[in-house]
Amino acid sequence: MQIKTGIDIIEVKRIQEAIEKQGERFLERIYTEKEIAYCEHTQKMKYQHYAARFAAKEAVFKAISSRLPNGIGDVWTKIEVQNNSEHKPIVNLEKLDLGNIQSMDLSLSHIAEYAVASFTIIFKE
């Protein structure tokens, strides 16, 4: 068994500015269609949700980077943050084919200025 963790914090304003400046180009490079639809649906708090998902992708990347092949490209859209039936955030890593995953856990939090994510993954070995 191998346990990997990652954590990230980001200023919501940085994500808001990137979206306002780069628009669709930024969104499509970082987020999946499902993530964009979810964040846009949240209306007034959409930038906090975008920032939380960005932090989640960074936290996941930190935890799994040693298992990724070199030159994987567009890794951000291959890490998808979803909500389960109980509205808890979860991570879909099917597009990365990491194999041997025993379990994963994601925690997100945000306030007006910051978003934070913590991710833990356990690999069977």
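Predicted model, so just to flag it, every value in this text is computed and none were measured.

A. Highlighting the overall build of the chain. A count of helical and extended segments in the chain gives five helices and five strands. When the helices and strands of the chain are placed in sequence order, the string is β-α-α-α-α-α-β-β-β-β. Here the C-alpha coordinates of the chain stretch approximately 45 × 30 × 25 Å along the principal axes. Across the 125 residues in the chain, those meeting the buried criterion constitute 40%. When contacts within the chain are restricted to residue pairs at least 6 apart in sequence, those whose partners lie at least 24 apart make up 58%. A total accessible area of about 7,400 Å² is found for the chain, and carbon and sulfur atoms account for 49% of it. Positive and negative side-chain charges of the chain, numbering 17 and 18 respectively, have mean locations separated by a distance of 2 Å.

B. Region of interest: a nonpolar patch on the surface. Residues Ile 9, Ile 111 and Tyr 114 make up a contiguous nonpolar surface patch of roughly 310 Å² in combined accessible area. Considering the arrangement of structural elements, one finds Tyr 114 in strand E5 (residues 114-123).

C. View of the sheet that holds E5. Strand order across the open sheet formed by three strands is E1-E5-E4, with antiparallel pairing between neighbours. Each having just a single partner strand, strand E1 (2-11) and strand E4 (101-110) make up the two edges of the open sheet. Recorded for the sheet is a direction-independent mean angle of 10° between the axes of neighbouring strands. When E1 meets E5, the two strands line up antiparallel, connected through 10 bridges. Looking at E5, one finds that Glu 11 is bridged to Tyr 114. Its contacts with the sheet put helix H1 (residues 12-22) on E1 and E5, and the angle it makes with E1 is roughly 75°. Most of the contacts of helix H4 (residues 46-64) go to E5, to which it runs at about 35°, and overall it touches E1, E4 and E5.

Thresholds, definitions, all that
- Residues numbered from 1 in each chain as written.
- Predicted model: local features only at pLDDT ≥ 70, side-chain atom pairs only at ≥ 80, totals over all residues.
- Heavy atoms only, no water.
- Helix = DSSP H or I, 4+ residues; strand = E, 2+ residues; numbered from the N terminus.
- Buried < 20%, exposed > 50% of the residue type's maximum accessible area, 1.4 Å probe, protein only.
- Contact = heavy atoms within 4.5 Å.
- Areas by Shrake-Rupley, 256 points an atom, 1.4 Å probe, with all protein chains shown as cover.
- Lys, Arg positive; Asp, Glu negative; His and termini not counted.
- Charge placed at Lys NZ, Arg CZ, Asp CG, Glu CD.
- Patch = residues over 30% accessible without salt bridge, like charges linked within 9 Å, V, L, I, M, F, W, Y side chains within 5 Å.
- Salt bridge = Lys/Arg side-chain N within 4 Å of Asp/Glu carboxyl O.
- Pairing = 2+ DSSP bridges.
- Axes fitted to C-alpha atoms, helices over the stretch in contact; angles between N-to-C directions.

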